[in-house]
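Survey of secondary and tertiary structure
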Amino acid sequence: MLELPINVARAAPLLHVQLREGVDPAMDDVANDADTRHAFLRAAWFDAAGKGGAATLVACRRDGQPILALPIVRTGPGMFGIRAVPGSYWPIRSFPIAADAREGEVQAFLASRTTKKALGNALRIGPANANDPTIRRLIAAAPRSGWTVLQRRVATSFCLDILEARKVGPWPRGSTLKKNRFHEKHLAGHGALEWKEISGSGWTKEVFDDLAAIERKSWLGERGGDAKFLDPRQRSIWEQAVRDPQLARMMSVGMLYIAGEPAAFSFGIDAGTTRYCIATSYDQAFAKHSPGKVLSYRTYMAAADRGITFLDDGAGDGGHKSTMGETPGPDIMDYLLVRGRFLAAVLRPFWERSGR
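Residues numbered from 1 in each chain as written. Predicted model: local features only at pLDDT ≥ 70, side-chain atom pairs only at ≥ 80, totals over all residues. Heavy atoms only, no water.

1. Re the nonpolar core
To keep it simple, the criterion reads: Working definition of a nonpolar core: buried Ala, Val, Leu, Ile, Met, Phe, Trp, Tyr and Cys residues. They are joined through side-chain atoms within 4.5 Å. Note on exposure labels: buried denotes an accessible area under 20% of the residue type's maximum, exposed denotes more than 50%, and partly exposed covers the range between, all computed with a 1.4 Å probe on protein chains only. The helix count covers DSSP runs of H or I at least four residues long, the strand count covers runs of E at least two residues long, and both are numbered beginning at the N terminus. In this analysis, two residues are considered to be in contact whenever any of their non-hydrogen atoms come within 4.5 Å of each other.
The biggest cluster of nonpolar side chains holds 75 residues, and the ones touching the most others in it are Phe40, Leu70, Trp203 and Trp238. For this core, the leading source of residues is strand S3 (residues 66-75), giving six residues. If we ignore the near neighbours within four places in the chain, the residues touching phenylalanine 40 are Trp45, Ile92, Leu247, Met250, Ile269, Ala271 and Tyr276. Of all hydrophobic cores here, the second largest spans twelve residues; its members include Ala165, Tyr300, Ala304 and Met324.

2. Describing the packing of aromatic side chains
Rules: Stacked, edge-to-face and tilted are the three classes for Phe, Tyr and Trp ring pairs, Trp counted by its six-membered ring, which pair at centre distances within 6.5 Å; planes under 30 degrees apart are stacked, over 60 edge-to-face, the rest tilted. Think of it as a cone above the ring: NZ of Lys or CZ of Arg counts as a charge over the ring if it is within 6 Å of the ring centre and within 35 degrees of the ring normal.
Summed over all chains, the structure comprises eleven aromatic pairs. Ring centres of tyrosine 89 and tryptophan 238 lie 6.3 Å apart, and the angle between their planes is 55 degrees; on these two criteria the pair is classed as tilted. Placement of tyrosine 89 in the loop between strand S4 (82-84) and helix H3 (103-111) and of tryptophan 238 in helix H10 (residues 232-241) is noted, with a sequence separation of 149 residues between them. With relative accessibility at 12%, the residue tyrosine 89 sits in the buried group. Of the residues examined, tryptophan 238 reaches a relative accessible area of 0% and is grouped as buried. Note on tryptophan 203 and phenylalanine 208: the rings are 5.3 Å apart at their centroids and 25 degrees apart in plane angle, and the pair reads as stacked. Here tryptophan 203 matches phenylalanine 208 in class, with each residue buried. Cluster of aromatic residues (ring-pair linked, three or more members): Phe40, Trp45, Tyr89, Trp203, Phe208, Phe229, Trp238, Phe265, Phe267 and Tyr276. Lysine 196 extends its terminal NZ or CZ atom over the ring of tyrosine 257, reaching a point 4.6 Å from the ring centre.

Put into C-alpha coordinates, the structure is as follows:
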(Lines give C-alpha, C1' and ligand atoms only; values in the text may rest on other atoms or scores of the structure.)
Protein backbone atom coordinates (compact mmCIF):
# COMPACT_ATOMS: atom_id res chain seq x y z
CA MET A 1 0.00 0.00 0.00
CA LEU A 2 1.45 3.37 -1.03
CA GLU A 3 0.63 6.29 1.21
CA LEU A 4 0.15 9.82 -0.03
CA PRO A 5 3.04 12.15 0.78
CA ILE A 6 2.90 13.63 4.25
CA ASN A 7 4.80 16.43 5.89
CA VAL A 8 4.77 16.64 9.67
CA ALA A 9 7.72 19.02 10.04
CA ARG A 10 7.92 21.95 7.65
CA ALA A 11 11.63 21.35 7.10
CA ALA A 12 11.19 17.63 6.43
CA PRO A 13 11.06 16.30 2.87
CA LEU A 14 7.92 14.43 1.91
CA LEU A 15 7.97 10.71 2.67
CA HIS A 16 6.33 7.72 1.06
CA VAL A 17 5.66 4.96 3.61
CA GLN A 18 4.88 1.42 2.48
CA LEU A 19 4.17 -1.82 4.28
CA ARG A 20 5.87 -4.62 2.36
CA GLU A 21 5.58 -8.36 2.91
CA GLY A 22 8.52 -10.20 4.42
CA VAL A 23 11.91 -8.69 5.19
CA ASP A 24 12.35 -6.24 2.34
CA PRO A 25 15.67 -5.89 0.44
CA ALA A 26 15.51 -2.12 1.08
CA MET A 27 16.83 -3.04 4.53
CA ASP A 28 20.29 -3.45 3.01
CA ASP A 29 20.25 0.01 1.43
CA VAL A 30 19.26 1.63 4.72
CA ALA A 31 21.82 -0.39 6.71
CA ASN A 32 24.52 0.82 4.32
CA ASP A 33 23.52 4.43 5.06
CA ALA A 34 22.93 4.01 8.80
CA ASP A 35 25.18 4.61 11.79
CA THR A 36 28.08 2.18 11.34
CA ARG A 37 27.11 0.40 14.58
CA HIS A 38 24.03 -0.78 12.66
CA ALA A 39 25.80 -1.91 9.51
CA PHE A 40 24.96 -5.55 10.28
CA LEU A 41 21.19 -4.94 10.49
CA ARG A 42 20.67 -6.25 6.99
CA ALA A 43 17.84 -8.27 5.47
CA ALA A 44 19.71 -11.54 6.03
CA TRP A 45 20.09 -10.69 9.73
CA PHE A 46 16.33 -10.46 10.20
CA ASP A 47 15.57 -13.32 7.82
CA ALA A 48 17.84 -15.53 9.90
CA ALA A 49 15.64 -14.92 12.94
CA GLY A 50 13.07 -17.11 11.19
CA LYS A 51 10.02 -15.24 12.46
CA GLY A 52 7.04 -16.13 10.30
CA GLY A 53 4.64 -13.45 9.18
CA ALA A 54 7.24 -10.69 9.13
CA ALA A 55 6.61 -7.46 7.23
CA THR A 56 8.68 -4.32 6.67
CA LEU A 57 7.69 -0.68 6.92
CA VAL A 58 9.84 1.24 4.44
CA ALA A 59 10.01 5.05 4.36
CA CYS A 60 11.40 6.64 1.19
CA ARG A 61 12.09 10.20 0.21
CA ARG A 62 10.48 11.69 -2.86
CA ASP A 63 13.47 10.58 -4.97
CA GLY A 64 12.85 6.97 -3.91
CA GLN A 65 15.78 6.75 -1.50
CA PRO A 66 14.85 4.55 1.49
CA ILE A 67 15.86 6.14 4.79
CA LEU A 68 14.18 3.82 7.26
CA ALA A 69 13.31 0.12 7.24
CA LEU A 70 11.43 -1.32 10.20
CA PRO A 71 10.83 -5.09 10.27
CA ILE A 72 7.88 -6.16 12.42
CA VAL A 73 6.21 -9.33 13.67
CA ARG A 74 3.15 -9.86 15.87
CA THR A 75 3.86 -10.54 19.53
CA GLY A 76 2.04 -10.96 22.82
CA PRO A 77 -1.69 -11.53 23.31
CA GLY A 78 -3.65 -10.69 20.17
CA MET A 79 -6.05 -8.48 22.13
CA PHE A 80 -3.24 -5.96 22.75
CA GLY A 81 -2.28 -5.59 19.08
CA ILE A 82 1.46 -5.34 19.73
CA ARG A 83 4.19 -5.58 17.09
CA ALA A 84 7.88 -6.19 17.77
CA VAL A 85 11.23 -5.84 16.05
CA PRO A 86 12.57 -9.37 15.49
CA GLY A 87 16.24 -10.18 15.82
CA SER A 88 18.81 -12.94 15.57
CA TYR A 89 20.59 -12.17 18.81
CA TRP A 90 19.66 -10.80 22.23
CA PRO A 91 20.21 -7.99 23.22
CA ILE A 92 20.60 -6.49 19.75
CA ARG A 93 16.98 -5.72 18.76
CA SER A 94 16.93 -2.57 16.71
CA PHE A 95 16.57 -1.50 13.08
CA PRO A 96 18.40 0.88 10.75
CA ILE A 97 17.68 4.53 10.03
CA ALA A 98 19.83 6.46 7.55
CA ALA A 99 22.40 8.57 9.37
CA ASP A 100 21.31 11.69 7.46
CA ALA A 101 17.59 11.26 8.22
CA ARG A 102 16.21 14.42 9.79
CA GLU A 103 14.24 14.56 13.02
CA GLY A 104 11.20 15.75 11.06
CA GLU A 105 11.43 12.72 8.80
CA VAL A 106 11.41 10.34 11.77
CA GLN A 107 8.40 12.21 13.16
CA ALA A 108 6.68 12.00 9.80
CA PHE A 109 7.23 8.25 9.69
CA LEU A 110 5.78 7.74 13.17
CA ALA A 111 2.80 9.98 12.38
CA SER A 112 2.07 8.22 9.09
CA ARG A 113 -1.32 6.52 8.77
CA THR A 114 0.40 3.52 7.19
CA THR A 115 2.79 3.24 10.12
CA LYS A 116 0.04 3.51 12.74
CA LYS A 117 -2.14 0.95 10.97
CA ALA A 118 0.76 -1.50 10.59
CA LEU A 119 1.99 -1.16 14.16
CA GLY A 120 -1.39 -1.43 15.82
CA ASN A 121 -1.48 -0.28 19.43
CA ALA A 122 2.18 -0.64 20.34
CA LEU A 123 5.67 -1.47 19.10
CA ARG A 124 8.25 -3.28 21.20
CA ILE A 125 11.90 -2.45 20.48
CA GLY A 126 14.60 -4.16 22.47
CA PRO A 127 16.29 -5.30 24.48
CA ALA A 128 18.97 -2.94 23.20
CA ASN A 129 21.55 -0.52 24.59
CA ALA A 130 20.17 2.75 25.91
CA ASN A 131 22.54 4.63 23.58
CA ASP A 132 21.34 2.75 20.50
CA PRO A 133 21.31 5.31 17.65
CA THR A 134 17.85 4.36 16.36
CA ILE A 135 16.18 4.19 19.76
CA ARG A 136 17.51 7.59 20.80
CA ARG A 137 15.98 9.14 17.69
CA LEU A 138 12.64 7.40 18.19
CA ILE A 139 12.39 8.50 21.82
CA ALA A 140 12.97 12.09 20.73
CA ALA A 141 10.40 11.96 17.92
CA ALA A 142 7.69 9.74 19.46
CA PRO A 143 5.91 12.29 21.73
CA ARG A 144 5.53 14.72 18.84
CA SER A 145 3.95 11.99 16.71
CA GLY A 146 1.28 10.73 19.09
CA TRP A 147 3.30 7.94 20.75
CA THR A 148 4.18 7.42 24.41
CA VAL A 149 7.42 5.62 25.27
CA LEU A 150 7.48 3.08 28.11
CA GLN A 151 10.84 1.71 29.14
CA ARG A 152 12.30 -0.77 31.58
CA ARG A 153 15.85 -1.69 32.48
CA VAL A 154 16.93 -5.26 31.71
CA ALA A 155 20.64 -5.42 32.52
CA THR A 156 23.95 -3.58 32.36
CA SER A 157 26.28 -3.94 29.40
CA PHE A 158 30.05 -4.23 29.76
CA CYS A 159 32.33 -2.45 27.34
CA LEU A 160 35.94 -1.59 26.65
CA ASP A 161 36.96 1.60 24.90
CA ILE A 162 40.35 0.60 23.54
CA LEU A 163 41.37 4.15 22.65
CA GLU A 164 40.59 5.38 26.16
CA ALA A 165 42.37 2.40 27.72
CA ARG A 166 45.51 3.15 25.72
CA LYS A 167 45.52 6.78 26.85
CA VAL A 168 46.48 5.66 30.36
CA GLY A 169 48.91 2.93 29.34
CA PRO A 170 49.48 -0.08 27.09
CA TRP A 171 46.52 -2.31 26.35
CA PRO A 172 46.74 -5.16 27.01
CA ARG A 173 49.06 -4.54 29.93
CA GLY A 174 52.47 -6.18 29.89
CA SER A 175 51.54 -8.20 32.97
CA THR A 176 48.47 -9.53 31.18
CA LEU A 177 50.47 -10.62 28.15
CA LYS A 178 53.02 -12.29 30.44
CA LYS A 179 50.25 -14.18 32.23
CA ASN A 180 48.74 -15.22 28.89
CA ARG A 181 52.08 -16.57 27.69
CA PHE A 182 52.25 -18.60 30.92
CA HIS A 183 48.82 -20.09 30.21
CA GLU A 184 49.72 -20.77 26.57
CA LYS A 185 52.84 -22.64 27.67
CA HIS A 186 50.77 -24.95 29.85
CA LEU A 187 48.10 -25.37 27.19
CA ALA A 188 50.85 -26.46 24.81
CA GLY A 189 51.65 -29.24 27.26
CA HIS A 190 48.46 -30.91 26.01
CA GLY A 191 49.53 -30.77 22.36
CA ALA A 192 50.48 -28.41 19.54
CA LEU A 193 48.55 -25.13 19.57
CA GLU A 194 46.97 -23.76 16.41
CA TRP A 195 45.30 -20.32 16.32
CA LYS A 196 42.83 -19.47 13.57
CA GLU A 197 40.81 -16.39 12.61
CA ILE A 198 37.78 -17.23 10.44
CA SER A 199 35.59 -14.79 8.55
CA GLY A 200 34.09 -14.14 5.10
CA SER A 201 34.41 -17.12 2.78
CA GLY A 202 36.00 -19.11 5.61
CA TRP A 203 32.62 -19.95 7.12
CA THR A 204 32.02 -23.64 6.35
CA LYS A 205 29.97 -26.50 7.76
CA GLU A 206 33.16 -27.86 9.31
CA VAL A 207 33.74 -24.59 11.18
CA PHE A 208 30.23 -24.69 12.62
CA ASP A 209 30.76 -28.35 13.55
CA ASP A 210 33.91 -27.36 15.47
CA LEU A 211 32.08 -24.54 17.27
CA ALA A 212 29.33 -26.96 18.30
CA ALA A 213 31.95 -29.47 19.48
CA ILE A 214 33.54 -26.86 21.74
CA GLU A 215 30.19 -25.93 23.28
CA ARG A 216 29.43 -29.62 23.78
CA LYS A 217 32.59 -29.93 25.92
CA SER A 218 32.01 -26.63 27.72
CA TRP A 219 29.96 -25.92 30.84
CA LEU A 220 27.03 -25.24 28.48
CA GLY A 221 27.13 -28.86 27.36
CA GLU A 222 27.30 -30.06 30.93
CA ARG A 223 24.70 -27.82 32.56
CA GLY A 224 22.75 -26.35 29.65
CA GLY A 225 22.49 -22.68 28.74
CA ASP A 226 22.45 -20.24 25.86
CA ALA A 227 24.40 -22.28 23.32
CA LYS A 228 24.93 -20.51 20.01
CA PHE A 229 25.99 -23.50 17.89
CA LEU A 230 25.20 -26.68 19.83
CA ASP A 231 21.47 -26.02 19.61
CA PRO A 232 20.44 -26.83 15.99
CA ARG A 233 17.92 -23.99 15.83
CA GLN A 234 20.41 -21.40 17.06
CA ARG A 235 23.11 -22.76 14.79
CA SER A 236 20.82 -22.41 11.76
CA ILE A 237 20.46 -18.69 12.50
CA TRP A 238 24.19 -18.08 12.12
CA GLU A 239 24.50 -20.43 9.16
CA GLN A 240 21.80 -18.51 7.34
CA ALA A 241 23.29 -15.13 8.25
CA VAL A 242 26.68 -15.90 6.68
CA ARG A 243 24.99 -16.56 3.34
CA ASP A 244 25.04 -12.79 2.98
CA PRO A 245 28.67 -12.06 1.93
CA GLN A 246 28.71 -8.70 3.74
CA LEU A 247 27.45 -10.23 6.97
CA ALA A 248 29.92 -13.10 6.57
CA ARG A 249 32.76 -10.56 6.45
CA MET A 250 31.46 -8.75 9.55
CA MET A 251 31.16 -12.00 11.50
CA SER A 252 34.43 -13.50 12.70
CA VAL A 253 35.63 -16.07 15.17
CA GLY A 254 39.00 -16.71 16.75
CA MET A 255 39.62 -20.40 17.35
CA LEU A 256 42.16 -22.42 19.28
CA TYR A 257 42.95 -26.01 18.35
CA ILE A 258 45.00 -28.24 20.68
CA ALA A 259 46.55 -31.35 19.17
CA GLY A 260 44.30 -30.83 16.16
CA GLU A 261 41.08 -30.75 18.20
CA PRO A 262 38.86 -27.65 18.63
CA ALA A 263 39.36 -26.31 22.16
CA ALA A 264 38.08 -22.71 22.35
CA PHE A 265 36.41 -19.94 20.34
CA SER A 266 35.68 -16.20 20.60
CA PHE A 267 32.88 -15.12 18.25
CA GLY A 268 31.59 -11.67 17.35
CA ILE A 269 30.47 -9.12 14.78
CA ASP A 270 32.42 -6.07 13.59
CA ALA A 271 30.25 -3.07 12.71
CA GLY A 272 32.21 0.06 11.90
CA THR A 273 34.70 0.52 14.75
CA THR A 274 32.59 -1.53 17.21
CA ARG A 275 32.90 -5.23 17.86
CA TYR A 276 29.91 -6.99 19.42
CA CYS A 277 31.44 -9.82 21.44
CA ILE A 278 28.72 -12.43 21.18
CA ALA A 279 30.14 -15.63 22.67
CA THR A 280 33.28 -17.21 24.09
CA SER A 281 33.47 -20.87 25.00
CA TYR A 282 36.10 -23.53 25.72
CA ASP A 283 36.62 -27.19 26.51
CA GLN A 284 36.33 -27.64 30.28
CA ALA A 285 39.28 -30.05 30.19
CA PHE A 286 41.57 -27.03 29.79
CA ALA A 287 39.77 -24.65 32.15
CA LYS A 288 42.72 -24.47 34.57
CA HIS A 289 44.77 -22.61 31.95
CA SER A 290 42.13 -20.03 30.92
CA PRO A 291 41.87 -20.83 27.19
CA GLY A 292 38.81 -18.60 26.79
CA LYS A 293 40.52 -15.53 28.22
CA VAL A 294 43.77 -16.16 26.34
CA LEU A 295 41.93 -16.57 23.04
CA SER A 296 39.67 -13.57 23.69
CA TYR A 297 42.69 -11.32 24.16
CA ARG A 298 44.18 -12.57 20.90
CA THR A 299 40.88 -12.03 19.09
CA TYR A 300 40.39 -8.53 20.51
CA MET A 301 43.97 -7.53 19.69
CA ALA A 302 43.46 -8.73 16.12
CA ALA A 303 40.24 -6.68 15.97
CA ALA A 304 42.11 -3.59 17.20
CA ASP A 305 44.72 -4.12 14.48
CA ARG A 306 41.98 -3.93 11.83
CA GLY A 307 40.47 -0.73 13.23
CA ILE A 308 38.10 -1.79 16.01
CA THR A 309 38.21 0.71 18.88
CA PHE A 310 35.22 -0.31 21.00
CA LEU A 311 34.26 -3.72 22.42
CA ASP A 312 30.64 -4.29 23.44
CA ASP A 313 30.51 -7.47 25.51
CA GLY A 314 26.82 -7.32 26.41
CA ALA A 315 25.52 -8.43 29.80
CA GLY A 316 26.74 -11.29 31.93
CA ASP A 317 29.50 -11.98 34.42
CA GLY A 318 30.73 -8.50 35.28
CA GLY A 319 33.41 -9.88 37.60
CA HIS A 320 34.98 -11.92 34.81
CA LYS A 321 34.72 -9.10 32.29
CA SER A 322 36.23 -6.52 34.63
CA THR A 323 39.41 -8.58 34.83
CA MET A 324 39.81 -7.90 31.11
CA GLY A 325 39.52 -4.16 31.65
CA GLU A 326 35.84 -3.88 30.75
CA THR A 327 33.63 -1.47 32.68
CA PRO A 328 29.86 -1.03 33.01
CA GLY A 329 28.50 0.63 29.90
CA PRO A 330 25.00 1.65 28.77
CA ASP A 331 22.02 0.02 30.42
CA ILE A 332 20.31 -2.61 28.31
CA MET A 333 16.71 -1.46 27.99
CA ASP A 334 13.36 -2.68 26.69
CA TYR A 335 11.03 -0.15 25.05
CA LEU A 336 7.35 -0.07 24.22
CA LEU A 337 6.00 2.68 21.95
CA VAL A 338 2.28 3.02 22.68
CA ARG A 339 -0.32 4.95 20.73
CA GLY A 340 -1.99 7.39 23.05
CA ARG A 341 -1.52 8.30 26.69
CA PHE A 342 -4.57 6.42 28.01
CA LEU A 343 -3.46 3.03 26.66
CA ALA A 344 0.10 3.77 27.84
CA ALA A 345 -1.22 4.38 31.36
CA VAL A 346 -3.07 1.04 31.24
CA LEU A 347 -0.05 -0.89 29.98
CA ARG A 348 2.60 0.81 32.12
CA PRO A 349 2.19 -1.29 35.32
CA PHE A 350 2.12 -4.56 33.35
CA TRP A 351 5.16 -3.52 31.32
CA GLU A 352 7.20 -2.44 34.31
CA ARG A 353 6.20 -5.45 36.42
CA SER A 354 7.12 -7.98 33.71
CA GLY A 355 10.63 -6.57 33.54
CA ARG A 356 11.43 -7.29 37.21
